[in-house]
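# Secondary and tertiary structure notes
Spelled out from the first residue to the last, the chains are:
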Amino acid sequence: AMITVIDFMFGICFVRSVAGFRHDIRVSQQESGSSDPRLVANEELSELLYSHWASVLQAMYTLHKVSTGGLNWGIVADALLHTGWQNLVIFLLYITLFMFVL
């Protein structure tokens, strides 16, 4: 039960951050057009983030897979870094909490 609560709290944090990041990408695309190669790369990143952080339940599932070895946490961390260094720090805190405390 404790792990579920922790996954839920961290999941909410990441879903909100990724949703904001994806919104910013869409606004940038509308302002400058979709021909900019940087925006195409950002769209691919946005889809990668969406595959892990689309909803709180998906985020909880991603966190569970990462914490039990079912998913390489480095891949998830690298994608989160693009949304801001704060998210990477929070994610690393989660990994550290799960690996060494729980």
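The model shown is predicted, which means the values in this text are computed figures rather than measured ones. (Residues numbered from 1 in each chain as written. Predicted model: local features only at pLDDT ≥ 70, side-chain atom pairs only at ≥ 80, totals over all residues. Heavy atoms only, no water.)

Moving on to the overall build of the protein. Along the backbone of the protein there are five helices and zero strands. Listing each helix as α and each strand as β along the protein from the N terminus yields α-α-α-α-α. Within the protein, the proportion of its 102 residues that are buried is 35%. Looking at the protein alone, contacts between residues at least 24 apart form 65% of all its contacts between residues at least 6 apart. (Helix = DSSP H or I, 4+ residues; strand = E, 2+ residues; numbered from the N terminus. Buried < 20%, exposed > 50% of the residue type's maximum accessible area, 1.4 Å probe, protein only. Contact = heavy atoms within 4.5 Å.)

To continue, consider the packing of aromatic side chains. Considering all chains together, one arrives at four aromatic pairs under this definition. With 5.0 Å between their ring centres and 50° between their planes, Phe14 and Trp53 make a pair best called tilted. Here Phe14, found in helix H1 (residues 2-32), pairs with Trp53, found in helix H2 (residues 37-53); they are 39 residues apart in sequence, far enough to count as distant. Since its relative accessible area comes to 0%, Phe14 is described here as buried. (Phe/Tyr/Trp six-rings, centres within 6.5 Å; stacked < 30°, edge-to-face > 60°.)

In this section: the side chain of Ser67. Counting through the fold element by element, Ser67 comes out in helix H3 (residues 56-68). Given the relative accessible area of 7%, Ser67 is considered buried. Ignoring any residue separated from it by four or fewer positions in sequence, one finds Ser67 in contact with Tyr94, Phe98 and Met99.

Okay, the nonpolar core next. Formed by 22 residues in total, the largest nonpolar core has its most connected members in Leu49, Trp53, Leu80 and Phe91. Of all the secondary structure elements, the ones that give two or more residues to this core are H1, H2, H3, helix H4 (73-81) and helix H5 (85-101). At seven residues, H1 tops the list of elements feeding residues into this core. Leave out the neighbours within four places in its chain, and Phe91 touches Phe14, Trp53, Leu63, Val66, Trp73, Val76, Ala77 and Leu80. (Core = buried A, V, L, I, M, F, W, Y, C linked by side-chain atoms within 4.5 Å.)

Quick look at the packing of H3 against H5 now. Orientation of H3 relative to H5, taken along the N-to-C sense of each, is 55°, at an axis distance of 10 Å. The pairing of H3 with H5 is recorded here as oblique in orientation. The handedness of the crossing between H3 and H5 is right-handed. Only Phe91, Tyr94, Ile95, Phe98 and Met99 of H5 make contact with H3, whose side of the interface consists of Leu63, His64, Val66 and Ser67. (Axes fitted to C-alpha atoms, helices over the stretch in contact; angles between N-to-C directions. Parallel < 35°, antiparallel > 145°, perpendicular 65-115°, else oblique. Left-handed = near helix turned anticlockwise from the far one by under 90°.)

Let us now look at the side chain of His52. When you line up the elements, His52 lands in helix H2. Residue class for His52 comes out buried when judged on its relative accessible area of 12%. Not counting the four nearest positions on each side in its chain, His52 is found in contact with Gln58, Ala59, Thr62, Leu71 and Val76.

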